[in-house]
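Observations on chain architecture
Next come the chains, spelled out residue by residue.
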Amino acid sequence: MQKIDSYNKDKKADLYRLMLWSLYAVAVIMKNIFATKRWRIGIIQAPAGYIFEPVTFIAQDVETETRGYSSAKTMIFWGFLLNIIVAACSQLAILLPNVSTIEIQNSFEIVLGNVPRILLASLIAYLIGGVLNVKVMYYLKMKGDNSLLYRAIVSTILGQFVDNIIFSNIAFLGIIPISQIIYMSITMTIIETVYEIVFYPVTKFLIFKIKEAERKDALI
């Protein structure tokens, strides 16, 4: 029994990291799948996938703080690869011979059949915005800025705005006015930054738990 308890302690940091990466992967995939639907509440409108965007940035922040820039960048490229795999599998599922009603097939294509322009916009924006987020956060840390909240907010503002402006331009340029694209990008960046601030205690807690587990593992 003592050996089992020791084994679990040894693996606690790895378990937390597995959970973090799993949450990140799910958020990345959901963001891409829901990107084709746009919603509006009052004067605010955006693609539904943006709801999950801050989750990916929080996970990136946690990984950057606990494992550094290289590991966080690996996380981003892993999410990029997962997006491509899910998109390819979705297209394969759409192409399979249909035995359901035509309505079900059409609905299936609408939900999972991301048009190439939306998919391209999502992938490029995710990759550039994500890398910028972790790079800024890591740079500020190496520069000696000890405020985690400040690093998280600044990196989120820059990363999210670049992500939003790239996605909106590639996906909607020529479809909606440029003024609306800019407005949507700025509005979503503000909302996502507020999201980051509201969930900052969660970010801080996750960083603390992973670092604490790693310290305990090092003593075993």
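Residues numbered from 1 in each chain as written. Predicted model: local features only at pLDDT ≥ 70, side-chain atom pairs only at ≥ 80, totals over all residues. Heavy atoms only, no water.

You'll find the chain entered in an unreviewed UniProt entry as Probable queuosine precursor transporter, with Peptoniphilus indolicus ATCC 29427 given as the organism. Quoted verbatim from the Function (unreviewed entry) field of UniProt, the annotation for the chain is "Involved in the import of queuosine (Q) precursors, required for Q precursor salvage." What UniProt states about the chain under its Sequence similarities (unreviewed entry) heading is, verbatim, "Belongs to the vitamin uptake transporter (VUT/ECF) (TC 2.A.88) family. Q precursor transporter subfamily." (UniProt positions renumbered as here; feature names shortened; annotations may be inferred.)

For the rest of this paragraph, the subject is the nonpolar core. The biggest cluster of nonpolar side chains holds 18 residues, and the ones touching the most others in it are L20, Y24, V62, I76, Y126, V134 and L148. Where this core is concerned, the elements lending two or more residues are α2 (12-33), α3 (53-67), α4 (69-95), α6 (116-142), α7 (148-172) and α9 (200-219). Excluding anything up to four places from it in sequence, L20 contacts A59, V62, E63, M75 and I210. In terms of nonpolar packing, the next biggest core, distinct from the first, is built from 13 residues, A125, F167, F172 and M184 among them. (Core = buried A, V, L, I, M, F, W, Y, C linked by side-chain atoms within 4.5 Å. Buried < 20%, exposed > 50% of the residue type's maximum accessible area, 1.4 Å probe, protein only. Helix = DSSP H or I, 4+ residues; strand = E, 2+ residues; numbered from the N terminus. Contact = heavy atoms within 4.5 Å.)

With that settled, consider the packing of α3 against helix α8 (residues 178-198). Contact geometry for α3 and α8: axes closest at 10 Å, N-to-C directions at 50°. Classed by the angle they form, the pair α3 and α8 counts as oblique. When you trace α3 past α8, the crossing you get is right-handed. For the pair α3 and α8, contact is made by E53, P54, V55, F57, I58 and D61 and by E192, Y195 and E196, respectively. Tallied by class, residues from the contact of α3 with α8 come to five nonpolar, no polar and four charged. (Axes fitted to C-alpha atoms, helices over the stretch in contact; angles between N-to-C directions. Parallel < 35°, antiparallel > 145°, perpendicular 65-115°, else oblique. Left-handed = near helix turned anticlockwise from the far one by under 90°. Nonpolar A, V, L, I, M, F, W, Y, C, P; charged D, E, K, R; others polar.)

The next point concerns α8. With 21 residues, α8 extends 30 Å from end C-alpha to end C-alpha; this agrees with the ideal 30 Å at 1.5 Å per step. Of the residues making up α8, those classed as buried are I181, M184, S185, T187, M188, T189, E192, T193 and E196. (Expected span 1.5 Å × (residues − 1).)

The next thing to look at is α7. With 25 residues, α7 should cover 36 Å at 1.5 Å per step; its first-to-last C-alpha distance of 35 Å lies within 8% of that length. Positive phi shows up at G174, right after α7, with a value of about 95°.

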